[in-house]
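Chain by chain, the residues run as shown.
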Amino acid sequence: EKRIVMKFTNKRALVVGTGKSGVAAVNLLNHVGAQVTLLEGNASLSSEEIMKRFPKEAEFDLIIGELPEQKMNSIDFVILSPGVPTDLPFVVKLQENNIPVWGEIELAYLCGKGKLFAITGTNGKTTTTALTGEIMKTYFKSVFVVGNIGLPYTEYAAEMKDESVTVAEVSSFQLETINKFHPQISAILNITPDHLNRHHTMECYVETKARIAKNQNKDEICVLNYEDEYLKKIAKDIPAKVFWFSSEHILEQGIWLDGEKIMYNDGSETIEICTIHDMKLLGKHNYENVMAAVAIAMHAGVPLDCIRKAVKEFNAVEHRIEYVKEVNGVKYYNDSKGTNPDAAIKAVEAMVRPTVVIGGGYDKDSSYDEWIASFGDKVKALVLLGQTRDKIAAAAKKAGFENVIMTDSLEEAVKVSSKQAVSGDAVLLSPACASWGMFKNFEERGKLFKEYVNSLE
């Protein structure tokens, strides 16, 4: 079926927020001929500062601060930026007046064309979206990878054609404000308690994630995680056909991890997709991301050899257990994005070799006991730097982990680690701490780590 394309000519739109997606929304609305009013709630911003964010030819009326009462009656629809809460008094008032309140992805959907595959979940969205995009590019000519991944959907909607394929990473915030948004294939990777400051209750958060499939029909596909208790509960209410992936169970139908092999069966025959050794991604959570991406691609009609090739070549998202290189038989991994103990535990669990861990950094008042406990027999040395090094060393000592080495810089930490490791080992930068104090951000820390590794002899 063809997508309903809205006519926006001379419709009166209110765009709320002047960040990246607000700018993209204004540009798109200009393109489709709407009349735009732009609202920036932050009264301390000057109009000069705001205008700088827009192209010269952008057309809109700018309101800074409160929305005047009389303006409310002359609006056909509202576009909220993802960061704007839907329960602000003026938003509630607009809704009470039956004025449609949409998010950025709803507007992009109404202006876009082609097939849409949408991915949400608490963790793993970016990796899964990036991989799904890479797989699609091996087979389709026109592919757009958009959304939470850092490229606003609205920025590309006008370029889409009927034969385009869009892979969108969608957050729960964005799903609050959809109406007609309708992917042919959707995926919910997992649901763990997150953003409860915004959604208030877990039920509400789960319900919001499930909205990704609300406009799908029974001939379309929703890919879900068989190991997720929340998803098992809501599966029966999803209007699309549910296709499961599992990292723990062998499924009759679905995609699953059988030992080291990823197996697939959509009701006719069982086929092996690849083994975990065929890919550069590591760790159970990443195998789940791969299974979700493969399930989407298979249902999108991408040939198996294209899928295999893309999965084998795909590099991790930068700074997330990212493989750097092998030096003297030792594999180096950059997990600079492991800025808390929870993320750092995942990275340790992903390692399949004896490992030297580099950790430490800025103190976010974390406790490091569980992280140290996850080392088991796998971690052979802990190399520490930064403000938290004494606190972490104390936690290691308490847990009976002996081989702790203190260093004063990341460069020194890399050198020390290369001496601790022997052929067949891994060295993992996964600090369990923020980067501030020594670095601008985790990206800078990860980039420097890679430079130091690449200059090892």
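The present account deals with the structure reproduced in this document. (Residues numbered from 1 in each chain as written. Predicted model: local features only at pLDDT ≥ 70, side-chain atom pairs only at ≥ 80, totals over all residues. Heavy atoms only, no water.)

### Thoughts on the overall build of the protein
Regarding its fold elements, the protein presents 18 helices and 20 strands. Its C-alpha atoms give the protein a radius of gyration of 24 Å, within 12% of the compact-globule value 23 Å for 457 residues. Along the first, second and third principal axes, the C-alpha set of the protein runs to 70 × 60 × 40 Å. Buried positions account for 54% of the 457 residues belonging to the protein. At a minimum sequence separation of 6, the contacts of the protein that also span at least 24 residues come to 65%. (Helix = DSSP H or I, 4+ residues; strand = E, 2+ residues; numbered from the N terminus. Rg over C-alpha atoms; globule rule 2.2 N^0.38 Å. Buried < 20%, exposed > 50% of the residue type's maximum accessible area, 1.4 Å probe, protein only. Contact = heavy atoms within 4.5 Å.)

### Here's the deal with the pattern of salt bridges
Per the stated rule, a full pass over the model turns up 15 salt bridges. With a shortest N-O distance of 3.4 Å, D363 and K391 are connected by a salt bridge. With D363 in the loop between β17 (355-359) and α15 (369-373) and K391 in helix α16 (residues 389-398), this residue pair connects regions lying 28 residues apart in the sequence. Each of the salt bridges in this network shares a partner with another, and the network as a whole consists of E318, E322, K447 and K450. (Salt bridge = Lys/Arg side-chain N within 4 Å of Asp/Glu carboxyl O.)

### Looking at the packing of helix α6 (residues 125-137) against helix α12 (residues 284-299)
Relative orientation of the contacting elements α6 and α12 amounts to 40°, with a least axis distance of 9 Å. When the interaxial angle is binned, α6 and α12 end up oblique. The interaxial crossing formed by α6 with α12 has right-handed handedness. Between α6 and α12, the contacting residues are T127, T128, L131, T132, I135 and M136 on the first element and N286, N289, V290, A292, A293, I296 and A297 on the second. (Axes fitted to C-alpha atoms, helices over the stretch in contact; angles between N-to-C directions. Parallel < 35°, antiparallel > 145°, perpendicular 65-115°, else oblique. Left-handed = near helix turned anticlockwise from the far one by under 90°.)

### Things to note about the sheet that holds strand β18 (residues 379-384)
Strand order in the open sheet formed by 6 strands is β15-β16-β20-β17-β18-β19, with mixed pairing between adjacent strands. One side of each edge strand has no neighbouring strand; the edge strands of this open sheet are β15 (322-327) and β19 (404-406). Here the average twist between neighbouring strands, direction ignored, is 20°. The pairing of β18 with β19 spans 3 bridges and is classified as parallel. Bridge pairing in β19 links L384 to M406. Across the sheet, helix α17 (residues 410-420) touches β16 (330-334), β17, β18, β19 and β20 (426-429), and the angle it forms with β17 is around 165°. (Pairing = 2+ DSSP bridges.)

### Some thoughts on the nonpolar core
General note: in soluble globular proteins, nonpolar side chains tend to be found buried as a group. Grouped together as the largest cluster of nonpolar side chains are 70 residues, with contacts concentrated most on M136, I255, W371 and L382. For this core, the element with the most residues is α12, which contributes 10 residues. Those residues in contact with W371, other than ones at most four positions away along the chain, are P341, A344, I345, V348, V357, G359, L382, I392, S430, P431 and A432. Counting residues in hydrophobic clusters, the runner-up holds 56 residues, among them A168, V170, L231 and A240. (Core = buried A, V, L, I, M, F, W, Y, C linked by side-chain atoms within 4.5 Å.)

### Thoughts on the packing of aromatic side chains
Counting across every chain of the model gives 13 aromatic pairs. Residues F54 and F60 carry aromatic rings whose centres are separated by 4.7 Å and whose planes lie at 45° to one another, so their mutual orientation is tilted. The exposure class of F54 is buried, given its relative accessible area of 8%. You can call F60 buried: its relative accessible area is 16%. Residues F144 and Y156 carry aromatic rings whose centres are separated by 6.3 Å and whose planes lie at 45° to one another, so their mutual orientation is tilted. Residue F144 is located in strand β7 (residues 143-147), and its partner Y156 is located in helix α7 (residues 153-156); the two are separated by 12 residues in the primary sequence. (Phe/Tyr/Trp six-rings, centres within 6.5 Å; stacked < 30°, edge-to-face > 60°.)

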